[in-house]
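Structural features, examined
Spelled out from the first residue to the last, the chains are:
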Amino acid sequence: MTLRAPQLDFDPCDELAALCKAGGDPLRLNVLRALSNDSFGVLELAQIFAIGQSGMSHHLKVLAQAGLVATRREGNAIFYRRALPNGRLHAALLDDIDELPLPGDVQTRIAAVHLQRATVSRDFFARMATSFQAQQDLIAGLPQYRDSLLALLDALHFAPGATALEIGPGDGAFLPELARRFARVTALDNSPAMLELASQRCAAEGLDNVELKLADALEDAPVTADCVVLNMVLHHFATPAEAFRKLAALVAPGGSLLLSELCSHDQSWAREACGDLWLGFEQEDLARWATAAGLTPGESLYIGLKNGFQIQLRHFAKPDAHSAFSLRQERNR
């Protein structure tokens, strides 16, 4: 009996051909380089690479057909990010791309896009400080996840004398809980209006172990702590992946980063109502950013809300000096 080779509905070479075609253009390679730790909309990418929107859309279509980029809808806009490697050639291509520097003018225009995002966020908080909590409660106010977050926090059993750092404390609603659990608490915010609200709460509650600082947590925050807390803050950062990397550096060895965030959603009105730059995050993206920043994903809790939103409470641990050394040794074997 003669065995016949199975008939394929597609030529396996087609995928490799699409990958090679997509990688055969310097501009597309630079787009992939720009997307290494960020996601951009088509208009942002057109601005970054100084070409027309239609031209950029064509290049993105080629990259998408090759499986090199993935898309995510943010309200009425489509944002592009790099797809996870699928095969050795795909992985090798991204590895080589990441070794290449972006042209200086492209880096300058990326910084301009980031500044535009950050300005939108700062302007929102300057305008809406007095009504921010009411706006936030439209989506996910602290009372809706406070108990679950405290259960996650208390399960970590921080030692007496441990310190905490809250990034973007808002009106300071969570600071009393931190003040009761830690010897010293620092709160950083780049909005004077929001920091004034937090200051009023600290005075009213007599929180004498809390220090408030007007500072940008990503640029001028030399303080480190055993526990770094971000409550509904990450979606206000212009570059979440880069923010994750810098915030991880504020966690002391052996410490933890606690994050409350919205899961990915499509409620674009949150941009105007709450100043959100990003419509939540995929769980896998947070884990990937944390791992790249040297943190280990830990316990997670997910809370569904009546209004259709879902909150994710995430714990990420930073290895102590001994564990980090052992991990490096294991990777080098």
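It should be noted that the structure appears before, not after, this text.
Our subject in this report is the structure included herewith. Everything numeric in this text was worked out from a predicted model, so none of it was measured. (Residues numbered from 1 in each chain as written. Predicted model: local features only at pLDDT ≥ 70, side-chain atom pairs only at ≥ 80, totals over all residues. Heavy atoms only, no water.)

**A few points about the overall build of the chain**
Looking only at helices and strands, one finds 14 helices and 10 strands in the chain. A buried classification covers 46% of the 333 residues belonging to the chain. Of the roughly 16900 Å² of accessible surface on the chain, a fraction of 53% belongs to carbon and sulfur atoms. (Helix = DSSP H or I, 4+ residues; strand = E, 2+ residues; numbered from the N terminus. Buried < 20%, exposed > 50% of the residue type's maximum accessible area, 1.4 Å probe, protein only. Areas by Shrake-Rupley, 256 points an atom, 1.4 Å probe, with all protein chains shown as cover.)

**Structural notes on the side chain of E177**
Looking at the element boundaries, E177 is found in helix α9 (residues 175–181). Classification of E177 by relative accessible area gives buried; the value is 12%. What E177 contacts, discounting residues up to four positions off in sequence, is R146 and L150. (Contact = heavy atoms within 4.5 Å.)

**Describing the packing of helix α1 (residues 13–22) against helix α5 (residues 88–98)**
Running from amino to carboxyl end, α1 crosses α5 at an angle of 10°, the nearest separation of the two axes being 11 Å. The angle between the axes of α1 and α5 places the two elements in the roughly parallel class. Contact residues: α1 offers L16, L19 and C20, while α5 offers L89, H90 and L93. Considering only residue class, the contact of α1 with α5 consists of five nonpolar, one polar and no charged. (Axes fitted to C-alpha atoms, helices over the stretch in contact; angles between N-to-C directions. Parallel < 35°, antiparallel > 145°, perpendicular 65-115°, else oblique. Nonpolar A, V, L, I, M, F, W, Y, C, P; charged D, E, K, R; others polar.)

**Overview of the pairing of strand β6 (residues 210–214)**
Looking at chain direction, strand β5 (residues 184–189) and β6 are connected through five bridges and run parallel. In the sheet register, D189 faces β6, and the bridge partner there is L214. Handedness of the β-α-β unit built from β5, helix α10 (residues 192–205) and β6 comes out right-handed. (Pairing = 2+ DSSP bridges. Right-handed = clockwise from strand over helix to strand, strands pointing away.)

**Some words on the layout of surface pockets**
A volume near 630 Å³ is recorded for the second largest pocket. Listed by contribution, the elements that provide at least two residues to the lining of the second largest pocket are β2 (69–74), β3 (77–82), α5, α11 (240–248) and α13 (283–292). Looking at the lining of the second largest pocket, its residues break down into 16 nonpolar, three polar and 11 charged. The residue makeup of the lining of the second largest pocket includes at least three contributed by each of domain 1 (12–102) and domain 2 (131–331). (1 Å grid on protein atoms, 1.4 Å probe; cavity = no way out; pocket = protein on both sides within 12 Å on 5 of 7 lines; lining within 4 Å. Points joined across faces, edges and corners; volume = space filled by probe spheres on them. Domains from an automatic or database assignment.)

**Some points on the sheet that holds β6**
Taken together, seven strands build an open sheet; the order of strands is β6-β5-β4-β7-β8-β10-β9 and the sheet is mixed. At either end of the open sheet lies a strand with only one pairing partner, and these are β6 and β9 (296–304). Averaged over neighbouring strand pairs, the angle between their axes works out to 15° when direction is ignored. Examined bridge by bridge, β9 and strand β10 (residues 310–317) share seven bridges and lie antiparallel to one another. The residue of β10 that forms the bridge with P297 is F316. Seen against the sheet, α10 touches β5 and β6 and runs at an angle of roughly 165° to β6. In this fold α13 packs onto β8 (251–262), β9 and β10, with an angle of close to 20° to the strand it touches most, β10.

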